[in-house]
Amino acid sequence: MIEMKDVWKTYPNGVMAINGIDVSISKGEFVYVVGPSGAGKSTFIKLMYREEKPTKGNVVVNGFSLETIKEKKIPLFRRNLGIVFQDFRLLPTLTVYENVAFALEVIEESPANIKRIVMNVLDIVGLKNKARFLPHELSGGEQQRVAIARAIVNTPSVLIADEPTGNLDPDTSWGIMDVLEEINNRGTTVVMATHNKEIVNTIRKRVIAIEGGRIVRDQVRGGYGYER
Ligand code: ADP
Ligand code: ADP
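In this report, we go over the structure that sits alongside the text. Nothing here was measured: the structure is a model prediction, and the numbers come from that model.

### Some thoughts on the pattern of salt bridges
In total, this model carries 9 salt bridges according to the counting rule given. Note that Lys 9 and Glu 52 form a salt bridge whose closest N and O atoms lie 3.4 Å from each other. Note that Lys 9 is positioned in strand E1 (residues 2-10) and Glu 52 in the loop between helix H1 (41-48) and strand E4 (56-61), a separation of 43 residues in sequence. By relative accessible area, Lys 9 is classed as buried at 8%. For Glu 52, a relative accessible area of 21% translates into the label partly exposed. Taking the shortest distance from any N to any O, the salt bridge between Arg 206 and Asp 218 comes out at 2.8 Å. Separated by 12 residues along the polypeptide, Arg 206 in strand E9 (residues 206-211) and Asp 218 in strand E10 (residues 214-219) bring together distant segments of the chain. On the basis of relative accessible area, Arg 206 is assigned to the buried category, the value being 12%. The class for Asp 218 is partly exposed, based on a relative accessible area of 39%. Counted as one network, the salt bridges with shared partners bring together Glu 29, Arg 206 and Asp 218.

Encoded structure:
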């Protein structure tokens with residue numbers, strides 16, 4: 001599903017963000033990526049959705065070899081990935097419904113299918129009754145649920161989340177975790193970078209710890225392992 005072989009990433013300014021990573025993440029796994037600030041977590045994740053290209057080594061995701069993928073194949077590749085950010089990144093002038101429907105309209109689904117699929121994913125994230133709201137009318141947790149709904153609307157095989165609870169209070173964060181676990185239980189692989197020690201230590205999953213651009217720990221049901 002996700003394979004990295006001897007992957008290195010040096011940014012143009014000379015910062016060596018990822019320094020020789022080998023990793024394999026199988027279909028259906030739930031993986032936390034932890035580590036101190038600047039450890040390389042975001043870069044590791046960006047390499048998975050080809051926001052960044054490795055300086056050396058290859059990344060294979062869902063059978064796409066990102067070393068050789070053609071630019072014109074990238075939208076097709078991304079369609080099989082859902083991506084969620086700390087800062088939600090919703091379109092502010094579109095309703096909840098429209099934010100989620102957008103990704104389907106791009107691929108020219110029929111209106112009836114779009115409505116069925118959008119209402120189904122809004123149901124999964126618990127926001128069916130807020131379909132007509134604008135993002136600014138929602139709480140942070142609700143906005144993140146919309147972002148998650150948007151990320152899963154194309155039934156991706158992998159959901160990538162970079163600090164999805166980073167802007168949320170603890171209670172709201174647990175709700176977001178319920179949603180991510182539900183999505184994982186439906187078969188989607190989840191890769192989540194996080195600083196949330198309580199969540200990692202409570203909802204036990206595989207933990208990949210990164211420091212200095214290297215994997216320093218990879219445990220099946222790991223703990224957070226850092227003070228913060
Ligand atoms: P983390 O997500 O663990 O905080 P990052 O992957 O964001 O780590 O950053 C790893 C290192 O790469 C840091 O030293 C950071 O400053 C640097 N870095 C991140 N993005 C860029 C970039 N676009 N250009 C140059 N350096 C970067
Ligand atoms: P209701 O008839 O109770 O509004 P619907 O199933 O027709 O229930 O729609 C549920 C919600 O989905 C509505 O509140 C509406 O906000 C939203 N919705 C449905 N279709 C569209 C659309 N084409 N564009 C924007 N929002 C829509």
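After presenting the structure, the write-up continues.
### Details of the nonpolar core
The biggest cluster of nonpolar side chains holds 44 residues, and the ones touching the most others in it are Tyr 32 and Leu 122. With near-sequence residues (within four places) excluded, Tyr 32 lies in contact with Met 177, Met 192, Thr 194, Ile 199, Val 200, Ile 203, Lys 205, Arg 206, Val 207 and Ile 208. Within the second largest apolar cluster, 30 residues are counted, among which are Val 7, Val 33, Ile 69 and Val 158.

### Remarks on the site of ligand 1
Near ligand 1, the surroundings consist of Tyr 11, Asn 13, Val 15, Ala 17, Pro 36, Ser 37, Gly 38, Ala 39, Gly 40, Lys 41, Ser 42 and Thr 43. Measuring from an oxygen atom of ligand 1, one finds a backbone N or O atom of Gly 40 at 2.9 Å. Calculation on ligand 1 without its partners gives an accessible area of 560 Å², and the protein chains cover 63% of this total. Here the shell around ligand 1 is built from residues that sort into 5 nonpolar, 6 polar and 1 charged.

### Some words on the site of ligand 2
Every residue close to ligand 2 is listed here: Tyr 97, Lys 115, Met 119, Ala 131 and Arg 132. Lys 115 places a polar side-chain atom, nitrogen or oxygen, 2.8 Å from an oxygen atom of ligand 2. Measuring from an oxygen atom of ligand 2, one finds a side-chain N or O atom of Arg 132 at 3.0 Å. In isolation ligand 2 has 540 Å² of accessible area, and contact with the protein removes 49% of it. Each residue belonging to the shell around ligand 2 can be placed in one class, and the counts come to 3 nonpolar, no polar and 2 charged.

### Some details on the environment of Gly 187
Relative to the helices and strands, Gly 187 is located in the loop between helix H6 (170-185) and strand E8 (189-193). Residue classification places Gly 187 among the partly exposed residues on the basis of a relative accessible area of 29%. Remark: the alpha-carbon pair of Gly 187 and Ile 25, spanning 162 residues in sequence, is separated by 14 Å. Each residue touching Gly 187, except ones within four places of it in the same chain, is listed here: Lys 27 and Gly 28.

### Some words on H1
Across the 8 residues that make up H1, a large majority, 6, are buried. All of the buried residues in H1 are Lys 41, Thr 43, Phe 44, Ile 45, Leu 47 and Met 48. After H1 finishes, the residue Arg 50 shows a positive phi value of roughly 60 degrees.

### Concerning the sheet that holds E1
A sheet is described by the order of its strands in space; here 4 strands give the open sequence E2-E1-E4-E5, paired in antiparallel fashion. The sheet terminates laterally at strand E2 (16-25) and strand E5 (64-65), the two strands that pair on one side only. One ladder, built from 7 bridges, connects E1 with E2; its direction is antiparallel. Residue pairing across strands places Met 4 opposite Val 23, the latter belonging to E2.

### Regarding the sheet that holds E9
The strand order E6-E7-E8-E3-E9-E10 describes an open sheet built from 6 strands, whose pairing is mixed. A strand with exactly one partner marks an edge of an open sheet, and here the two such strands are strand E6 (81-85) and E10. Here the strands of the sheet are splayed against their neighbours by 15 degrees on average, with no regard to which way each runs. Bridging between strand E3 (residues 30-34) and E8 involves 4 bridges; their strand directions are parallel. In the sheet register, Val 31 faces E8, and the bridge partner there is Val 191. Lying over the sheet, H1 contacts E3, E6, strand E7 (158-162), E8 and E9, oriented at roughly 155 degrees with respect to E7.

Calculation rules
- Residues numbered from 1 in each chain as written.
- Chains lettered and ligands numbered in written order.
- Predicted model: local features only at pLDDT ≥ 70, side-chain atom pairs only at ≥ 80, totals over all residues.
- Heavy atoms only, no water.
- Salt bridge = Lys/Arg side-chain N within 4 Å of Asp/Glu carboxyl O.
- Helix = DSSP H or I, 4+ residues; strand = E, 2+ residues; numbered from the N terminus.
- Buried < 20%, exposed > 50% of the residue type's maximum accessible area, 1.4 Å probe, protein only.
- Core = buried A, V, L, I, M, F, W, Y, C linked by side-chain atoms within 4.5 Å.
- Contact = heavy atoms within 4.5 Å.
- Near = heavy atom within 4 Å.
- Polar contact = N/O pair within 3.5 Å; in protein donor to acceptor, adjacent residues only side chain to side chain.
- Areas by Shrake-Rupley, 256 points an atom, 1.4 Å probe, with all protein chains shown as cover.
- Nonpolar A, V, L, I, M, F, W, Y, C, P; charged D, E, K, R; others polar.
- Pairing = 2+ DSSP bridges.
- Axes fitted to C-alpha atoms, helices over the stretch in contact; angles between N-to-C directions.

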